[in-house]
Amino acid sequence: MQEKKSIVEFSVDHPRLVLVVTAALTVLFLTQFQKIRIDTNPKNMLPQTSSVRVWNDEVEKAFGLHEDTIVVGIVNEDGVLNRRTLGKVIRMTDEAARIKGVAASDITGFPTITNVTVEHGVLRVAPLMEAAAVPGDDKEADELRESLFANPMFIDRVISKDGKTTAVYVPLEKGANGKEVADKLREIVKKEGGPEKYHIAGDPVARDTFGAEMFKLMGIFSPIAGMIMFAVAYVMFRSFFLAASIMIPAMVIIIWSMGLLIGMGFPVHIMSSMSPVFLMAIATDSIHIFNEFCFRFREGKERKAAIIETMKAVGVPLVYSDLTTAVGFGSLLLANIIPVKVFGLGVAFGTLVLLLSSFTLIPAFLMFIGDEKLSRASSREEAGAGRTPALLSRLAGLGAMRPKATVAVGFVLLIIAVAGVTMISVNNNMVGWFKKGSDIRRADAVINSSLGGTSLAYVVAVSDEEDFIKTPEAMRYIDGLQRRLERLKVVGKTASVVDYVKRINLVLHDNDPKYDSVPGAKGTIGQYLFLFGMSARPSDLDSVVDYPFRRANVWVQLKTWDAGAMRDVMKAVDEYKRANQDIGLELKPAGIAYFNLVWNDEVLWDMLKGFIFAMAVIFVILSYNFRSVKWAAVAYMPLLFTITLIYGVIGFMGKDFDMPIAVLSCLSLGMAVDFSIHFIGRFRQRLAEASSPAGTPASTDITEALLWTASRPGRGIMRNAVLFASAFSVMLFAPLTPYITVGAFIAAMMMLSAFFTIIYLPALIVLMKGRLLKPAKPVG
């Protein structure tokens, strides 16, 4: 009976068939790329059924709010209330209204904002610059200045306290692209010139600009990362064909993975845009095949036999290392954040495709490389020869010969790192995802420092009773809430229906300061709101109160996009509720700032769940692989050292723990433990070959096996780390900080993990040899 062939043997016997099938499937996945879509809208981070999305949609509908608003800041160091600058503001506002995607009727600025005054004893509600014309002389300009600074609703909203900065708020229609509108606004202000400086900011600008940059980076960085990896692989093996053998599986898994996600209808988000670089780097795990194959081929093995023996030697470590990587990424499927789920699915799928390729495509491809080329490539491979194996042997020897000192130094570093971890602050800020010198960061900083702020939140006061918002009790309660929130450093401005009522009350009483308050009768308040609603823009009143008068909306402008700012607002709201008698008003947060806080917390909770799940499953996999819980625990040590040290550095640097870093917590588990799997697996193989079958391995056998593992499989580990880090190093040159963070984090993690694997595993194995390396039980 003919012996059943393994998948490796089938691949080396039918290499052309393997390549043809792989190429056909790759073309199939490639056809899906034409369906690609980009999505950076934070709302789509969470499912449509999530409570925060449902509530925010309800608030927007109830108050006729726009989902997105762009803020155009105009700065003149000599003051903006001059005829030249005012003319530019008017022209810019008029042209902005004609941009496709702009909700023209709700643009707010000098020419359009509603002012409340009294004329001949009659309440007058009209635009601040009713004729939308530049003041004709200095007298008219002074009257405009007086009107502006006499109305507290304008200060810090459309005019700064020093009169040097104004803003035009440009709301967008649903589905409009913030970057495209911002680009057209830039064209408009560029034509104006002069001493004024223009700053365009807001969440849609940051979000859609990020999306455009993300798309470009995906198209630029993936090929560059591939070229860098190819160059490094060529330097390692001095063989074009072996370098190509590493890169071809990388290209295959990228196309299959991205094709799967796009074909399933998922748009490309920030995380999935990084998938190609991650997959390319993960593909470097195949370096262990080429590393071992070169040794086997140099030892005089025939090519086919060398391939089969290589896969027998490294096959088991490859299977378990790829499985742990897939589990690390697959743990992200537990997340509620949709882009994180999609990213986890794509990279986990790509990792499993790599595992399949390692036993099929790579062996098949090696069959097409000529013996002469293989001989040249493998001539430099000899365990213990060369500077790299010698260095790795010395590092392993340091751990093996001085295990207590090595572990003690590591323990001290661990304690210091833990102290750094406690200093980490949890935060998310999309504007902060751009570099400090970028236009978006600069614009956001200027507007936040001069005016109320570019980040917007709402606090909705809800009553079960119709017309309750018109009562003096409700009005005073909301007024008190505003004053409490305005004491926060992160809050630049608040606005509500109460401000209109107080303003009307004041001007109807000849601007007597004692009437800058809420009237004492519900009927009076109702009359004021009726008169105001007759002449104001519909959105003025609609945006702050609903018409059953059960709900009132307090606008809160924040001076930062930090998620923690909204947390401070919610804390202040809770303190205000506790400090004041309950009058039947429930206070509920809403708006984009609130959404950002919710999904920030969702990310952290998701990552905690994923991290714990991945740790547990990977530990089970390691225990099964090594048939030992003790060996599994030892395999974890380099990874835990690495992660703790890197997070400690992040803490000491004052770097925020944001979404990219949180996601990397799960990913690092699967990737960095790979080195331990290869090291321990090959060490135990070597020790089994060298030891007496009946007794405990001698110390000399253990040391020799450790040094051999460090110099031969260890070279593959170090090559894997260098290739991995080189792929991610390209991200250090990105204009977006999440890419820089990911690049630096992963490169550092892989190099440190490789180093700790080489030096600390030998130390731990020697210290625990009595527990790890028990004598074999006699048979019979």
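Everything numeric in this text was worked out from a predicted model, so none of it was measured.

Caption draft 1: Seen up close, unusual backbone geometry. Residue histidine 120 is not a glycine yet carries a positive backbone phi of 60°. Looking at the secondary structure, you find histidine 120 in the loop between strand E2 (114-119) and strand E3 (122-127). Judged by relative accessible area, which is 78%, histidine 120 ranks as exposed. Despite not being glycine, arginine 627 shows a phi value in the positive range, around 55°. Relative to the assigned elements, arginine 627 resides in the loop between helix H24 (592-626) and helix H25 (629-653). Here arginine 627 falls in the exposed class, since its relative accessible area comes to 60%.

Caption draft 2: The arrangement of the sheet that holds strand E1 (residues 68-75) in detail. Read across the open sheet, the three strands follow the order E4-E1-E5; overall the sheet is antiparallel. Taken across any chain shown, the strands that pair with only one partner, and hence form the sheet edges, are strand E4 (165-172) and strand E5 (197-201). Direction aside, neighbouring strands of the sheet carry axes that sit 20° apart on average. Of the pairings in the sheet, the one linking E1 to E5 comprises five bridges and is antiparallel in character. Each bridged residue has a counterpart across the sheet, and for isoleucine 74 the counterpart in E5 is tyrosine 198.

Caption draft 3: Quick look at the packing of aromatic side chains. Applying the stated criterion across every chain yields a total of 20 aromatic pairs. Measuring from centroid to centroid gives 6.4 Å for tyrosine 320 and tyrosine 624, while their planes differ by 50°, and the two rings are tilted. Linking tyrosine 320 in helix H12 (residues 303-330) with tyrosine 624 in helix H24, this pair joins segments that are 304 residues apart in sequence. With relative accessibility at 14%, the residue tyrosine 320 sits in the buried group. Every member of this aromatic cluster is reached through a ring pair, and the members are Phe641, Phe755, Phe756 and Tyr760. Above the face of the tryptophan 55 ring, lysine 588 is positioned so that its terminal group lies 3.8 Å from the ring centre. Sitting above the plane of the tyrosine 624 ring, arginine 627 keeps its charged end 4.3 Å from the centroid.

Caption draft 4: Spatial organisation of empty space enclosed by the protein. Counting across every chain of the model gives six cavities of 30 Å³ or more. Taken as a whole, the largest cavity holds about 80 Å³ of empty space. Taken together, Pro42, Asp203, Asn428, Asn429, Met430, Trp433, Trp561, Asn596 and Trp599 make up the lining of the largest cavity. For the lining of the largest cavity, the residue count by class is five nonpolar, three polar and one charged.

Caption draft 5: Examining the pairing of E1 more closely. For E1, a buried count of seven out of eight residues is recorded, marking the element as mostly surrounded by other parts of the structure. Pairing analysis gives eight bridges linking E1 to E4, with the strands arranged antiparallel. By the bridge assignment, aspartate 68 is partnered in E4 with leucine 172.

Caption draft 6: Examining the layout of surface pockets more closely. By volume, the second largest pocket amounts to about 740 Å³. Around the second largest pocket, the lining is made up of 27 residues, and of these Asn115, Arg124, Leu128, Glu143 and Ser147 lie nearest the centre. Elements that contribute at least two residues to the lining of the second largest pocket include exactly E2, E3, helix H5 (138-150) and helix H20 (497-507). No other element matches H5, which puts six residues into the lining of the second largest pocket. Of the residues that constitute the lining of the second largest pocket, the class distribution is 14 nonpolar, five polar and eight charged.

Caption draft 7: Main features of the sheet that holds strand E6 (residues 455-462). Across the sheet, four strands lie side by side as E7-E8-E6-E9; this open sheet has antiparallel pairing. Each of the sheet's edge strands pairs with one partner strand only, and the pair in question is strand E7 (491-495) and strand E9 (586-590). Neighbour to neighbour, the strand axes of the sheet diverge by 25° on average, direction disregarded. Pairing of E6 with strand E8 (residues 551-558), which is carried by eight bridges, proceeds in the antiparallel orientation. In the sheet register, valine 459 faces E8, and the bridge partner there is valine 554. Taken strand by strand, H24 contacts E6, E8 and E9, and its axis lies near 95° from that of E6.

Caption draft 8: Up close: the environment of threonine 117. Mapped onto the elements of the fold, threonine 117 is located in strand E2. On a C-alpha basis, the gap between threonine 117 and serine 147 in space is 8.8 Å, while along the polypeptide they are 30 residues apart.

Caption draft 9: How the structure looks around the pattern of salt bridges. Across all of its chains, the model carries 32 salt bridges by this definition. The shortest N-O distance in the salt bridge between glutamate 77 and lysine 164 comes to 3.7 Å. In this pair, glutamate 77 sits in the loop between E1 and helix H4 (83-96) while lysine 164 sits in the loop between H5 and E4, placing the two residues 87 residues apart along the sequence. According to the relative accessible area criterion, glutamate 77 is exposed, its value standing at 56%.

Cut-offs and rules
- Residues numbered from 1 in each chain as written.
- Predicted model: local features only at pLDDT ≥ 70, side-chain atom pairs only at ≥ 80, totals over all residues.
- Heavy atoms only, no water.
- Helix = DSSP H or I, 4+ residues; strand = E, 2+ residues; numbered from the N terminus.
- Buried < 20%, exposed > 50% of the residue type's maximum accessible area, 1.4 Å probe, protein only.
- Pairing = 2+ DSSP bridges.
- Axes fitted to C-alpha atoms, helices over the stretch in contact; angles between N-to-C directions.
- Phe/Tyr/Trp six-rings, centres within 6.5 Å; stacked < 30°, edge-to-face > 60°.
- Lys NZ or Arg CZ within 6 Å of the ring centre and 35° of its normal.
- 1 Å grid on protein atoms, 1.4 Å probe; cavity = no way out; pocket = protein on both sides within 12 Å on 5 of 7 lines; lining within 4 Å.
- Points joined across faces, edges and corners; volume = space filled by probe spheres on them.
- Nonpolar A, V, L, I, M, F, W, Y, C, P; charged D, E, K, R; others polar.
- Contact = heavy atoms within 4.5 Å.
- Salt bridge = Lys/Arg side-chain N within 4 Å of Asp/Glu carboxyl O.

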